[in-house]
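# Residue-level structure breakdown
What follows is the residue order along each chain.
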Amino acid sequence: MVPQHLPTVVVIGNGMVGYKFCEKLLAKSTAFNLIVFGEEPRVAYDRVHLSEYFGGKTADDLLMAPLQWYHDNGITLHLGDAVQEINRDARTVHAHSGLVQPYDYLVLATGSSAFVPDIPGVEKAGVMVYRTIEDLEKIKAYAGSAHSGAVLGGGLLGLEAAKALLDLGVAETHVVEFAPRLMPRQIDDAGSQMLQSKLKALGLQIHLNKATSSIGGEEKIDALHFGNGSILPVDMLVISAGIRPRDELARLAGLDVGLRGGIVVNDEMRTSDASIFAIGECALHGGMIYGLVAPGYDMAEVVVSQLTQGARAFGGYDMSSKLKLIGVDVASFGDPFIAVPHSRSIVFEDAHSGVYKRINVSPDGKYLLGGVLIGDAEAYNMLLQTVNNKLALPPHPEDLMLGARGGEAAEGAGVMSLPDEALVCSCEAVTKGAICAAVTEQSVTTVDAMKKCNKAGTGCGGCVPLVKDLINGTLTAQGAYIKNVLCEHFDYSRQELFDLLKINNIRTYDAALDHFGKGDGCETCKPALGSILAGLWNDLIVKQHTIQDTNDRYLANIQKGGSYSVVPRIAGGEVTPEQLMVIGSVAKKFGLYTKITGGQRIDMFGAHVGDLPDIWEELINAGFESGHAYGKSLRTVKSCVGSTWCRFGLHDSVSFAIEIENRYKGIRSPHKLKGGVSGCVRECAEAQAKDFGIIATEKGWNLYVCGNGGAKPQHAQLLATDLDSATLIQYLDRFLMFYIKTADPLARTATWLNKMEGGMAYLKNVVVNDSLGIAADLEAEMALLINTYHCEWREVVENPELRKQFTHFVNVPRAKDPNVEFEEMRGQKKVKAW
Amino acid sequence: METTTDITWLPVCKTTDIPADGGACALVEGKQVAIFNFARRGEWYATQNLCPHKQQMALARGMIGSTGEACEPKVACPFHKRTFSLLTGECLNGDECSIRTYPVKVEGDNVYIGWEAD
């Protein structure tokens, strides 16, 4: 292949923005010869997180990309070689080393230097700036012998520097600011005062309204002298009084520069020479120097677009920012200062906990214009998005900053309500749509994976919480858990209806439909309401038999062909020989097929509906009761043989299983419930595959919940360990009642947990730590259900009116359905094939 | 759908034999007929008892209700929840065959099915 002549792009400056330009250009096109000059000895590093250098991060940790990256991508990199001259006529740059490099396009990413005010004595030892890793190393070396230190400048970087001094162990750290408040460009007076008091509490001494007139000391600094005559003795001084754009090369080359510095650029980031661009903190756009990384990245994107025949332009930049200063959240967004008559402000202040929040709302209350957050900036991302996307405000906009109060979810503030084009990561220009698409189409489920996928969150990192919320929100939406209403007749979720029926003391389906529903109901809402009513009042299910699914209507399981099966309760799987003989004789008398079930009991199949009351009469007379195999209710509590027989058993799992099965028998729930008790860790009862599983330990019982067998097996998760029996039952009461009250119709406990916000940690908090303060209520509600237990079959057998319902032909009560036919297999009967 | 010609009204059962807002099966001329007492609307319906989906004699044990803006009355088979219009017999949620519907009338406490000779 003959190498083509590729246009040469020379980048002067290897800082964050210069690096980002290379990365973005490479992503778009490799049809350039890319040459980079950097005056620092190391490759570009993350200056935004510079203070982490003191927190244990090494210089290598902070690198944007390792040296190898430049080689791998064919970039010629000249480090430690400052460009000294640009010859615009010859289109060459001249480096300190004597190298002359021609260019087709030149990108100035020279950044800025610390602004050092012209104060007598700034040359003294112990006076430093806070800008580069080298600066930090000097500060670090000096701080070791310093008892006191001051930072000149109470802006964002100044406070970062003050944190660095604190981290370095400087006993007495002062911040000196000329303006009457801290961070004068970002936050308002009240916010500044709150920040000040928080910083004071953390050991910083703040001096406002102080004009420094000179720096005292012989060879090295010993004090700051102020205009009002006062003196502050210090051993060292870090100057952080703002930045000065590095425009000297441009100046020398005759490019237009601003009066107060900065290389003038247009919307295409071109300087007064169309083949020379300037980006980052050296560029002056619309009279502004942008001292943040995100706008710098945006400028880099614009130049890449210009070089690759794109049409992107730079249109100014939102200077909203959020950071953690010495452990204090500080954020400002939109227009933090706008006031009456152009906006009205809502202010929240809690001096005790050091929280100040202000939001500025348009005079008509429809839109958010900006605000300030001190002490708690959790709402920052959402507020910023609300401003940038002009989202309509909810009726109570204060909810946006305070979170919803009164137990209801915040309205209109969900991350999923953002439009797809909402810019979430401004550093990398990743939209909400791109993030959600990565989840749905590329199965990205973690922030780390998202960073790899589209770089969202890799710049300043400020959007990471929002990225996480979007991932979770998208995953939740994928789980088809969107609008959670029962059916076309009830515009409520099961949980809402549970509460409504309870508060309004509603005890029948018809009353519920009249009060809260519409139409005539259907096969979805009828059994769901049946379950709710049973969970609330535990009334006899057959009193409202026409709203029950057929199994609950006939208190038996309908089988192929229309016959029913019969399952008496055999708690814990323990059964006497006499009981076995009763089951045998009943099955023989009514011609039933018998089989041991998965839940350690015996199922009798092939009963005609008209025979059910007679079958049960015999079973009940022999001491059996309903096994509720037909209900969305507790089925069985499976047990291993336990310590009474087993040589490994730690506790008597059978007795405990029987106790628990009898405790919860008959209670209706959103779906069926299964339990298990194992007498040791060998887990013969397979308790971890159950809705609740109990496993004996040396010290007591471990309680596992929300397991499932079935189509989507899922192991139960540990809720609590080493419980005594009474505490375990207490937790189980709470857990089951919480499930009964809050799950969706036909959601097993595993599904319920999977959809639960906060997952197992949340559930544990509710059940074990009573975080919602409802434990006593849950226990009382469960007690009501336990105390109102009745064997439904006994009620039917003893009630001639109820018995009448068990017939196939109303007009020929004794006749059986002639279509129910059987044939023989292995000595028993089976349903005749069609 | 309903015609009055050639219909014989056969007394089948008492109104109290069919539970309110539910159904029951009656044997009529050797055929299984599901009769529904839609008490909430003061209406009575009758259909074949056989669900065409899996050929189960079960519709009388299904739950009734309504659907849509027009509140079309329907019954859901207890086996697999196929639903059928009680007015037309049409399957509302699948491509099952329609079911047969029968005219019903109530006089006093007697329920009659209108029978056409096949």
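Residues numbered from 1 in each chain as written. Chains lettered and ligands numbered in written order. Predicted model: local features only at pLDDT ≥ 70, side-chain atom pairs only at ≥ 80, totals over all residues. Heavy atoms only, no water.

## Examining the overall build of chain B
Rule in force here: A run of H or I in DSSP counts as a helix once it spans at least four residues, and a run of E counts as a strand once it spans at least two, with each numbered from the N terminus. Throughout, radius of gyration means the C-alpha value; the globule benchmark is 2.2 Å times the number of residues raised to the power 0.38.
When helices and strands are counted, chain B shows zero helices and 12 strands. Tracing chain B from N to C terminus, the helices and strands come up as β-β-β-β-β-β-β-β-β-β-β-β. Relative to the globule expectation of 13 Å for 118 residues, the C-alpha radius of gyration of chain B, 13 Å, shows essentially globular dimensions. Overall size of chain B, expressed as C-alpha extent along the three principal axes, is 35 × 30 × 25 Å.

## Observations regarding the overall build of chain A
Operational definition: Exposed residues in this analysis have more than 50% of their type's maximum accessible area, buried residues have under 20%, and partly exposed residues fall in between, with area computed by a 1.4 Å probe over protein chains only. In this description, contact between two residues means that some pair of their heavy atoms is separated by no more than 4.5 Å. Only four residue types enter the charge count, namely Lys and Arg as positive and Asp and Glu as negative; His and the chain termini do not. The atoms used to mark charge sites are NZ of Lys, CZ of Arg, CG of Asp and CD of Glu.
Tallying secondary structure elements over chain A gives 25 helices and 39 strands in all. Principal-axis analysis of the C-alpha atoms gives chain A an extent of 110 × 70 × 65 Å. Across the 834 residues of chain A, 53% fall into the buried class. In chain A, the share of contacts with a sequence separation of at least 24, taken over all contacts with a separation of at least 6, comes to 62%. Averaging the coordinates of the 79 positive side-chain charges in chain A and doing the same for the 97 negative ones gives two points 6 Å apart.

## Concerning the UniProt feature "domain: Nitrite/sulphite reductase 4Fe-4S" (unreviewed entry) in chain A
Our working rule: UniProt positions are given in the numbering used here, feature names are shortened, and annotations may be inferred rather than shown by experiment.
As annotated by UniProt and renumbered to match this structure, "domain: Nitrite/sulphite reductase 4Fe-4S" (unreviewed entry) occupies residues 631-760 of chain A. Helix makes up 30% of residues 631-760 of chain A and strand 22%, and the two end C-alpha atoms of the span are 27 Å apart.

## Details of the interface of chain B and chain A
Basically, it comes down to this: Here's the idea: put two parts together, see how much 1.4 Å probe accessible area each one loses, and the total over both is what we call buried area. We define a salt bridge as a side-chain nitrogen of Lys or Arg found within 4 Å of a carboxyl oxygen belonging to Asp or Glu. Nonpolar residues are Ala, Val, Leu, Ile, Met, Phe, Trp, Tyr, Cys and Pro. Charged residues are Asp, Glu, Lys and Arg, and all others, Gly as well, are polar.
Each partner contributes residues to the interface: chain B has 37 residues there, and chain A has 37 residues. Carbon and sulfur atoms supply 48% of the area that chain B and chain A bury against each other, a total of about 2,800 Å² over both sides. Considering only the surface of chain B that becomes buried against chain A, B:Arg40, B:Arg61 and B:Met63 emerge as the three largest contributors, covering 29% of it. Seen at the junction of chain B and chain A, the total is six salt bridges. Linking B:Arg40 and A:Asp520 is a salt bridge whose minimum nitrogen-to-oxygen distance equals 3.6 Å. Counting only elements with at least two residues in the side of chain B that touches chain A, the list comes to strand E1 (7-14), strand E2 (22-28), strand E3 (31-38), strand E6 (56-57), strand E7 (63-67) and strand E8 (72-76) of chain B. With six residues, the top contributor of residues to the side of chain B that touches chain A is E2(B). Broken down by class, the residue content of the side of chain B that touches chain A amounts to 18 nonpolar, 12 polar and seven charged.

## Some points on the pattern of salt bridges
Residues and elements named next belong to chain A. Across all of its chains, the model carries 46 salt bridges over all chains by this definition. A salt bridge links glutamate 137 to arginine 42, with the shortest nitrogen-to-oxygen separation between them at 4.0 Å. Of this pair, glutamate 137 sits in helix H3 (residues 133-143) while arginine 42 sits in the loop between strand E2 (33-38) and helix H2 (67-72); the two residues are 95 residues apart in sequence, bridging distant segments of the chain. Judged by relative accessible area, glutamate 137 falls into the partly exposed class, the value being 36%. Between lysine 830 and glutamate 823 there is a salt bridge; the shortest N-O distance is 3.3 Å. Take glutamate 823: its relative accessible area is 30%, and that puts it in the partly exposed class. Here the salt bridges share partners, and the residues they tie into one network are Lys20, Glu23, Lys24, Glu301, Glu428 and Lys455.

## Some words on the sheet that holds strand E13 (residues 212-216) of chain A
Residue and element names in this part refer to chain A. The condition that has to hold: Strand pairing requires that DSSP identify at least two bridges connecting the strands. All axes here are fitted lines through C-alpha atoms, helices being fitted over the stretch that makes contact, and every angle between N-to-C directions spans 0 to 180 degrees.
Read across the open sheet, the three strands follow the order E13-E14-E15; overall the sheet is antiparallel. Edge positions in the sheet fall to E13 and strand E15 (231-233), since each of these pairs with one other strand and no more. Going from strand to strand, the sheet's axes swing by 20° on average, the running direction of each strand aside.

## A look at the side chain of A:His608
Residues and elements named next belong to chain A. Within the secondary structure, histidine 608 is located in the loop between strand E32 (602-607) and helix H18 (612-621). Looking at histidine 608, the relative accessible area reads 17%, which means it is buried. When near neighbours in sequence (up to four residues on either side) are disregarded, histidine 608 contacts Lys816, Asp817, Val820 and Phe822.

## Here's the deal with the nonpolar core
All names here are of chain A. What counts, and what does not: Here the nonpolar core consists of buried residues drawn from Ala, Val, Leu, Ile, Met, Phe, Trp, Tyr and Cys, with membership extended through side-chain atoms lying within 4.5 Å.
Phe21, Ile86, Leu108, Met269 and Ile279 are the most contacted members of the largest nonpolar core, which has 78 residues in total. Per-element tally for this core: the top contributor is helix H7 (residues 293-307), with nine residues. Ignoring sequence-local partners within four residues, the contact set of methionine 269 consists of Ile276, Phe277, Ala278, Ile279, Ala283, Met299, Val302, Val303 and Phe314. By size, the runner-up hydrophobic cluster in this structure holds 60 residues, among which are Val677, Leu703, Trp752 and Leu778.

## Quick word on helix H10 (residues 432-442) of chain A
Residues and elements named next belong to chain A. Listed in full, the buried residues belonging to H10 are Lys432, Gly433, Ile435, Cys436, Ala438 and Val439. Where H10 is buried, its residues touch strand E27 (423-425), strand E28 (430-431), helix H11 (447-454) and helix H12 (464-478). Serine 443 sits one or two residues past H10 and shows a positive phi near 55°.

## Brief notes about the packing of aromatic side chains
Residue and element names in this part refer to chain A. The following threshold applies: For Phe, Tyr and Trp, where Trp contributes only its six-membered ring, two rings pair if their centres lie within 6.5 Å, and the inter-plane angle classes them as stacked under 30 degrees, edge-to-face over 60, or tilted in between. Placement of a positive charge over a ring is assigned whenever Lys NZ or Arg CZ falls within 6 Å of the ring centre and within 35 degrees of the normal to the ring plane.
For the structure on display, the rule yields 19 aromatic pairs over all chains. Between the aromatic rings of tyrosine 664 and phenylalanine 692, the centroid separation amounts to 6.4 Å while the plane-to-plane angle is 70°, which identifies the pairing as edge-to-face. In this pair, tyrosine 664 is assigned in helix H19 (residues 653-664) and phenylalanine 692 in strand E35 (residues 692-696), connecting sequence segments 28 residues apart. Just as tyrosine 664 is buried, phenylalanine 692 falls in that class too. Grouped by ring-pair contacts, the aromatic residues Tyr554, Tyr564, Trp616, Trp793 and Phe806 constitute a single cluster. One residue, arginine 507, lies across the ring of tryptophan 537, its end atom 3.9 Å from the ring centre.

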